[in-house]
Amino acid sequence: MCRLLLYIFLILVSTRALWSTDFVAESLVVTEVSPGVFGFSVTVHNNNVLDDTYSLRIDVYKAGSETSIWSTTVERPLLASFQRRVDEIAQRFTTVDDTSYVAEVNIEYEADVDPTNNSRRTTFQYVREVDDRCRTSRRWHAGTPFRIVKNLTVFPDRKQLYNKLRPGDVIAISADVRDEDVMIQNCGCGEADTSVTYGTFPDEVQYEWSLKGKGRLVTGRTPTTEQRQVFANTVLYQIPECDTLVSFNSFDKVEISLTVRNAGSTLAFDAPLTGKVVLDFNIGRDPGDPIPEGAERFRNAYFVHVHHIDTLSPISNPAPTLGTASSCIPRPPRIRPGTGIQVTDYIGDGLLRTMHAETPNLCPEYLSLYTAPDAVDLDSAIVVCAGSSGACFVADTIRTVHTDAVEYHWDIVSGPSRIVGPTVGQSVAIHRSRTANSIVRCRIRNSERSEAQDPEVVILDTIAAVGSPVAYVAKGDDDGISIGLVAQRAYRGILKWMEYSVDETDEVYPGHSFLIQDIYDVLKSRLEGAGYRVIEADTVRPNDISTILAFPCVKHFAFAGHGSSGSLTTSRYFDSNRKKFRNETYQATAITNVARTQFQCSKHPYLRRLSLMACESSKVAWDNRLLMGDMIGWAHATNIVKALAWTRAFFWPDAIINTID
């Protein structure tokens, strides 16, 4: 029995060893590659039959402490079975303290057969030597604080569009902040250093936006910054589509906050800046235009204004500490251009274009966000110290690579569109044209303060004309008593008497009175004159109305016809089953159904106005529960002549004010 158990144990052990990997950290060597700079090499042995990859983690501790003060992790390629390899770690540890340190390496491989031999430690120390060499080093200092070129700005302001904004509309919020750091060059001989400052050198800046409240932020995130959740210097705030307030004259507040900080590849970190914009929304009644006797106007629209802006305020940076005791002489650094400005290609076919952020259901898209690709510029710096006496005479040179910040400069090359807010930054908000295309240009280039100037990269993109908002003008059927209809029926009877074949569905009998046709024509021509693209419905059925109102770009719905008890009488049609003409009605509740089904809102969010030229059209259920716009219609019966007179005298719809033209 014991032999059987031993046999099974040996099988298990051999099987585990055969199909697993055993990495062994055989040694860790620390080498001082230059004064105060240490490199690491690790000898790794794959003590098993499988080839495999692994990771090495290096940690440095001060002697007597178990808190890591520096670490790096590197992925290592395949190591063949039963082979050794010396892994040289590219990252270096730098110190200026004369103290003892402990370096530790760990092989990170979860399925290791024996994890107890994956770690090694060794102790090392930096000793400052007094010699005759002028040691050279450099470091970055934050220098002047962030320079606020343009503080938080909002477009449009109240004078332009605020009292015209509705659900789904957008507001642009932007800022322009620059950062310039200084380079400190140290030249040391023995125990003393001489320090001088050079620059300033432009540093990268990033903008982080956050939203507290309803609605959404439309951001120009590029593919490389998306993982860092970093946005560019301009964003769009889109007003919530659905009604959010419980009653008239109540308020909603929305807070958009901005934090400006240095990017990940920064030269020197500055203290971040913070600011915010607070917007107020309220729903209120507005008398608006004159209304006819017996008619009622319901208004239930968003009015937006800036409650307040907490502007960005600069934070002072302490002055650098400089040494003056060494006899070494710092020489001005020599900055050389690197490989030029490297730009991300968005669309992958060799063309560079800006990125246009999508804004859902904004019709027309009067304000758009355009973002340039990410760009990086790596330059080289040569820093030299020279001796000034016999005691310190050997020159020391360091060559380093640093990131030179790039700037994005925008302008409109042709067309009527214009940039609102800052024209410098990775993103810009563009106020677009309704009728004409424009060309936008982005120049990606070095700052004028850059020591090494690279050729600029130029990107051109077309800003398409956005067209007009849509108005839907519908004509309902006659009620059978108007003079126009009597005349048309007489005409039809004459045709029959003359033995012409007259089909009941023939256009000879369109079923509309002359007065309704006149109202229809006025509605259509006035809306076209105000800049709307009019969809004409000479004959309309209830399903036609609901279908068109499910389209968010329809901003104005106008109806000419008859009504009764809050319903609209739609066009007459021939019922083949009953062999006679019939009318259908469109009820107020149908708009609620469209809002809930299509937009998941309790009232229609995108209709700016309903104009119901029909008797008793607002008598039942047509009120502010239906839409986030306004409605005009008759609360009690009136004759069609009054409707025509009022339409001709007072129906002057709002002009298109959101686009630039």
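Above this text you will find the structure in question.
Residues numbered from 1 in each chain as written. Predicted model: local features only at pLDDT ≥ 70, side-chain atom pairs only at ≥ 80, totals over all residues. Heavy atoms only, no water.

**A closer look at the packing of helix α4 (residues 514–529) against helix α7 (residues 640–650)**
Our working rule: To obtain each axis, a line is fitted to C-alpha atoms, and for helices this fit is confined to the stretch in contact; angles are then taken between N-to-C directions over 0 to 180 degrees. Secondary structure elements follow DSSP: runs of H or I no shorter than four residues count as helices, runs of E no shorter than two count as strands, and numbering proceeds from the N terminus. Here the word oblique covers every angle except those under 35 degrees (roughly parallel), over 145 (roughly antiparallel) and from 65 to 115 (roughly perpendicular). Here is the rule for handedness: rotate from the far helix to the near one, and if that takes an anticlockwise turn smaller than a right angle the crossing is left-handed, while a clockwise turn gives right-handed. Every residue pair with non-hydrogen atoms within 4.5 Å of one another is taken to be in contact. Ten residues, namely Ala, Val, Leu, Ile, Met, Phe, Trp, Tyr, Cys and Pro, are considered nonpolar, four, namely Asp, Glu, Lys and Arg, are considered charged, and the remaining ones, Gly among them, are considered polar.
At their nearest, the axes of α4 and α7 sit 9 Å apart, and the two run at 20° to each other. Overall, the two elements α4 and α7 adopt an arrangement that is roughly parallel. In the crossing of α4 with α7, the sense of the turn from one axis to the other is left-handed. Across the interface between the two elements, Leu-515, Ile-516, Asp-518, Ile-519, Val-522, Leu-523 and Arg-526 from α4 touch Ile-640, Val-641, Ala-643, Leu-644, Thr-647 and Arg-648 from α7. Partitioned by chemical class, the residues of the contact of α4 with α7 number nine nonpolar, one polar and three charged.

**Digging into the packing of aromatic side chains**
Selection criterion: Aromatic rings from Phe, Tyr and Trp, taking only the six-membered ring of Trp, are treated as a pair when their centres fall within 6.5 Å; an angle between ring planes under 30 degrees marks them as stacked, one over 60 as edge-to-face, and anything in between as tilted. The buried label applies to any residue whose accessible area, calculated with a 1.4 Å probe on protein chains only, is under 20% of its type's maximum; exposed applies above 50%, and partly exposed to all values in between.
Scanning all chains against the criterion turns up 13 aromatic pairs. Relative to Phe-124, the ring of Phe-40 lies with its centre 6.5 Å away and its plane at 75°, an arrangement referred to as edge-to-face. With a gap of 84 residues between them, Phe-40 in strand β2 (residues 37–46) and Phe-124 in strand β7 (residues 119–125) connect regions that are remote in the sequence. Both residues of the pair, Phe-40 and Phe-124, count as buried. Here Phe-93 and Tyr-101 contribute two aromatic rings whose centre-to-centre distance is 5.3 Å and whose plane-to-plane angle is 70°, an arrangement assigned as edge-to-face. Relative accessible area serves as the criterion here: at 4%, Phe-93 is assigned to the buried category.

**Regarding α7**
Threshold: This arc is taken over the directions from the axis of the helix to the C-beta atoms.
Here α7 has its buried residues at Ile-640, Ala-643, Leu-644, Trp-646 and Thr-647. The buried residues of α7 occupy an angular sector of 165° when projected down its axis, which confines them to one face. On its buried side, α7 packs onto α4, β38 (609–613) and β39 (630–634).

**Brief notes about the pairing of β2**
Cut-off, in case you're wondering: At least two DSSP bridges between two strands are needed for those strands to be called paired.
For β2, the tally of buried residues reaches 10 of 10 residues, placing the bulk of the element in the interior. A two-sided burial pattern is seen for β2, the buried positions comprising Val-37, Gly-39, Ser-41, Thr-43 and His-45 on one face and Phe-38, Phe-40, Val-42, Val-44 and Asn-46 on the other. Two elements, strand β1 (residues 23–34) and β2, share 10 bridges in a ladder whose sense is antiparallel. Each residue of the ladder has a partner; that of Phe-23, found in β2, is Asn-46.

**Examining the pattern of salt bridges**
Here is the rule we go by: Here, a salt bridge means any Lys or Arg side-chain nitrogen found within 4 Å of an Asp or Glu carboxyl oxygen.
For the coordinates displayed, the defined rule picks out 22 salt bridges. Glu-66 is paired through a salt bridge with Arg-121; the nearest N and O atoms lie 2.9 Å apart. Taken together, the positions of Glu-66 in the loop between β3 (52–62) and β4 (68–79) and Arg-121 in strand β7 put the pair 55 residues apart, joining distant regions of the chain. Of the charged contacts in the structure, one is a salt bridge between Lys-276 and Glu-255, with a shortest N-O distance of 3.4 Å. Taken together, the positions of Lys-276 in strand β16 (residues 273–284) and Glu-255 in strand β15 (residues 251–262) put the pair 21 residues apart, joining distant regions of the chain. By relative accessible area, Lys-276 is classed as partly exposed at 24%. Three or more residues joined by partner-sharing salt bridges are found here, namely Glu-66, Glu-104 and Arg-121.

Honestly, it's all geometry; don't read function into it.
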